[in-house]
Each structure stands twice: as structure tokens, then as C-alpha cells.
2 protein chains.
Amino acid sequence: MRILGIDPGSRITGYGVVATNGHDVGFIACGTIRTGDETDFSHRLLTIFRDLSEIIRTHRPTVAAIEDIFINHNPRSALKLGHARGAAVVAAMHHNLDVFDYPARQVKQTVAGYGQAEKRQVQHMVRTLLQLSSTPSQDAADALAVAICHAHQRLYGR
Amino acid sequence: MRILGIDPGSRITGYGVVATNGHDVGFIACGTIRTGDETDFSHRLLTIFRDLSEIIRTHRPTVAAIEDIFINHNPRSALKLGHARGAAVVAAMHHNLDVFDYPARQVKQTVAGYGQAEKRQVQHMVRTLLQLSSTPSQDAADALAVAICHAHQRLYGR
């Protein structure tokens, strides 16, 4: 099973693809979709949709895992993040991937053993767990972390 | 020019298509996309994307006009609405439509002459302006109103 992890954002969307055979989790690909240079917000959403579509066609994941967005106190940023996350969910669904949501706390608990783990801890643990030769960027690491979280969920249940 | 107006919502998305020859604005189609029965939020977003795609293929609009979402004080509902609006924007952009945003106040001002007009006034004026034989539903009327707003914007500028 190949899992596409997505960490959506209106400026940077992280993605990570892992494979699992039921025992181990292996690294396939990761990276970021940068949309911050585009002045028009609608074009940013299209870029998220199109780039994720391309990534899905290339790496052929069968499911997608997306971190639940932390609801902060600013409705304006919640609205923006909602747009970006909506574009990402539609890209995955449109390519027939099942989409699973995971709270950030569960993702951190899974990869770092601690629900309040810092970003750098997540980066470090993702590198270790997937035996990567270099540390992925924060957004790519977050995307890989949610993909790993889904793999573990499938293996060990809740 | 054919204009697709969209009033996005996570349960009901209104749409309306109008045509303008540079002088008059004529009715082409309107309706609603209902997603409230689907329990899974991701499936709702896919339905918005797919149904709008089908409407675009059927009626061949060249631009889309979408009302800016009113930012209320609830970040959770802003996040949900953001998802729905993101799915709608991506559907339009993916089919090569230019997307224009209009504040609700401007839409109401255009169709009802008053930025604080009530929903029923908007419904009534949309029916009158487009010479419809029956009153469209609230969501369809809001979608037609934003399409009319874009047509007037093109004709008379700001």
C-alpha cells in the first residue's frame, strides 16, 4: 500500500509518499509545493490541485492522509487554510484515493511518542524512521509524518 | 460572455449561469448542489468539484464569479466554508475559467440597490432582472446575483 501524506498550506503544501508491506514503512518520495509567489489566491489553489494530481499520477498512492487543521482563533486564516485543504482533498478524491484525517497530536504521538512534540523532533524522527540520508524540510516531514501515522493506524489500529 | 455565479457552502452550493451581450443580461440556468446527505466531508467536497465541473461542461461559461465569504467569529465554520469554497474555485480554475471575487455587499448593492438587502429581496430582484417565471431558491438566487454583479462590473466598471 502506498500512502500520500499531505500537509496543506496556502503558501507551502508539503507532500510525502511512503509504502508499507504490512510490517515496514519505506520512503518513496517527498517535497513541497510552493505557491507563495503567485499573487492570486485562486491560482495558488489551482497549483495545489494540479501539482498534487501530478504527484499522484507519478507515485500512484492508493490512500491519502491529511493532518486536521489546528483551529486557531483567527477566522481569516482558518478560512484561507480551509481553501488550501479543500483543494488538496479534492485532488486526492478526484483521483480515487480514500482520504483519512488525523489530528496533529496523534501524528506527533505516532512518530515522536509525544503529542506535543516540536517540529524539529518530528523532522528528526521522520528521518530516523524512514532511514533518510538527509533531513526533509519541515513541511515535507510533516507530510511524511501523517503518512507514517496512517500506516501505523492500519497496522496496529487505534 | 457566459458567467457562472457560485454561492459555495458545505451543505448547499448554489450556481447560476447568465449570458451578457454587453447590454443585457439573460438567464441560462441555475440550481443547487446538495451535499448535506453525505456523511463524509471529503465526499461533499468531491461532489461540489464534480457537479460544478459537469455544469461547466454543459453550459460553457468563460468566467466564474464567487461571493467572498463573510468571515464570522467562528473559526470552525470559516474552516468548513473555506474547504467548500476552495473546491469550487479549483473546479472553475481547472476548467480554465477566470475567477472573480465579489464582497456580499457589492453583490446586494448591484442587484437590490442596497448593500444590506435581505435574502428575499435578492431573490425577488434576481427574478425581476432575469425575467424568470418563478422565484429561484435562495442559494441559486445568490449565485445568479453574483453572476449579475460580474456582468454589471464588466459593463459599467467600479
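Residues numbered from 1 in each chain as written. Chains lettered and ligands numbered in written order. Predicted model: local features only at pLDDT ≥ 70, side-chain atom pairs only at ≥ 80, totals over all residues. Heavy atoms only, no water.

Residues and elements named next belong to chain A. Of the pockets and cavities examined, the largest pocket occupies roughly 500 Å³. For the largest pocket, the lining is made up of 19 residues, of which Glu67, Asp68, Phe70, Ala104 and Lys119 are closest to its centre. Elements represented by at least two residues in the lining of the largest pocket include exactly helix 3 (104-112), helix 4 (119-129) and helix 5 (138-156). A total of 4 residues in the lining of the largest pocket trace back to one element, the largest contributor, which is helix 3. Classifying every residue of the lining of the largest pocket gives 10 nonpolar, 1 polar and 8 charged. (1 Å grid on protein atoms, 1.4 Å probe; cavity = no way out; pocket = protein on both sides within 12 Å on 5 of 7 lines; lining within 4 Å. Points joined across faces, edges and corners; volume = space filled by probe spheres on them. Helix = DSSP H or I, 4+ residues; strand = E, 2+ residues; numbered from the N terminus. Nonpolar A, V, L, I, M, F, W, Y, C, P; charged D, E, K, R; others polar.)

By a simple turn and slide, chain A fits onto chain B: the slide is 0.0 Å along the axis, the RMSD is 0.0 Å, and the turn is 180 degrees. Both copies are brought into coincidence by an operation consistent with a two-fold rotation axis. Comparing interface residues between copies, 100% of those in chain A also sit at the interface in chain B, which points to an isologous, same-surface contact. (Least-squares fit on C-alpha atoms with pLDDT ≥ 70 in both. Contact = heavy atoms within 4.5 Å.)

With that settled, the discussion passes to the packing of helix 3 of chain A against helix 5 of chain A. Two packed helices can be described by the angle between their axes and the distance between those axes. Residue and element names in this part refer to chain A. One can describe the packing of helix 3 onto helix 5 by two numbers: an axis separation of 9 Å at closest approach and a directional angle of 80 degrees. The angle between helix 3 and helix 5 falls in the class roughly perpendicular. Counting all contacts with helix 3, which are made through Gln106, Val107, Thr110 and Val111, the residues of helix 5 involved are Ala145, Val146, Ile148, Cys149, His152 and Gln153. (Axes fitted to C-alpha atoms, helices over the stretch in contact; angles between N-to-C directions. Parallel < 35°, antiparallel > 145°, perpendicular 65-115°, else oblique.)

Moving on, we get to the sheet that holds strand 5 (residues 98-102) of chain B. All names here are of chain B. Read across the sheet, 5 strands follow the order 3-2-1-4-5 without closing on themselves; strand pairing throughout is mixed. The open sheet has two edge strands, strand 3 (25-34) and strand 5, and neither has a second partner. For this sheet, the mean angle separating the axes of adjacent strands, direction not counted, is 20 degrees. (Pairing = 2+ DSSP bridges.)

For the structure on display, the rule yields 1 aromatic pair over all chains. Centroid distance Phe49(A) to Phe49(B): 5.1 Å. Interplanar angle 40 degrees. Geometry classified as tilted. Here the residue Phe49(A) occupies a position in helix 1 (residues 41-59), and Phe49(B) occupies one in helix 1 (residues 41-59), the pair thus bridging two chains. Both residues of the pair, Phe49(A) and Phe49(B), count as buried. One Lys or Arg, Lys80(A), reaches over the ring of Phe41(A) and ends 5.4 Å from the middle of that ring. Note that Arg154(B) overlies the ring of Phe100(B), its terminal NZ or CZ placed 4.7 Å from the centroid. (Phe/Tyr/Trp six-rings, centres within 6.5 Å; stacked < 30°, edge-to-face > 60°. Buried < 20%, exposed > 50% of the residue type's maximum accessible area, 1.4 Å probe, protein only. Lys NZ or Arg CZ within 6 Å of the ring centre and 35° of its normal.)

All right, on to the sheet that holds strand 5 (residues 98-102) of chain A then. All names here are of chain A. Taken in spatial order, the 5 strands make up an open sheet running 3-2-1-4-5, and their pairing is mixed. Edge positions in the open sheet fall to strand 3 (25-34) and strand 5, since each of these has one partner strand only. In this sheet, neighbouring strand axes are inclined to one another by 20 degrees on average, regardless of whether the strands run parallel or antiparallel. Sheet topology places strand 4 (residues 63-67) next to strand 5; 5 bridges connect them, and they run parallel. Within the sheet, the bridge partner assigned to alanine 65 lies in strand 5 and is phenylalanine 100. In the packing of helix 1 onto the sheet, the strands contacted are strand 1 (2-7), strand 2 (12-20) and strand 3, and the crossing angle to strand 3 comes to about 155 degrees.

This part is about the pattern of salt bridges. Residues and elements named next belong to chain B. Counted under the stated rule, the structure contains 8 salt bridges over all chains. Between aspartate 68 and arginine 85 there is a salt bridge whose closest N-O contact spans 3.5 Å. Separated by 17 residues along the polypeptide, aspartate 68 in the loop between strand 4 (63-67) and helix 2 (75-94) and arginine 85 in helix 2 bring together distant segments of the chain. Note on aspartate 68: relative accessible area 33%, which makes it partly exposed. (Salt bridge = Lys/Arg side-chain N within 4 Å of Asp/Glu carboxyl O.)

Turning to the pairing of strand 1 of chain A, a few remarks are in order. Residues and elements named next belong to chain A. In terms of burial, strand 1 is largely enclosed, as 5 of its 6 residues are buried. Where strand 1 lies against strand 2, 6 bridges are found, and the strand directions are antiparallel. From the neighbouring strand, glycine 5 faces strand 2, where its bridge partner is glycine 16. If you look at the hairpin formed by strand 1 and strand 2, you'll find 4 residues sitting between the two strands. Two strands pair when backbone bridges link them, and strand 1 and strand 4 are joined in this way by 4 bridges, in the parallel orientation. Residue pairing in the sheet places leucine 4 in a bridge with alanine 64 of strand 4.

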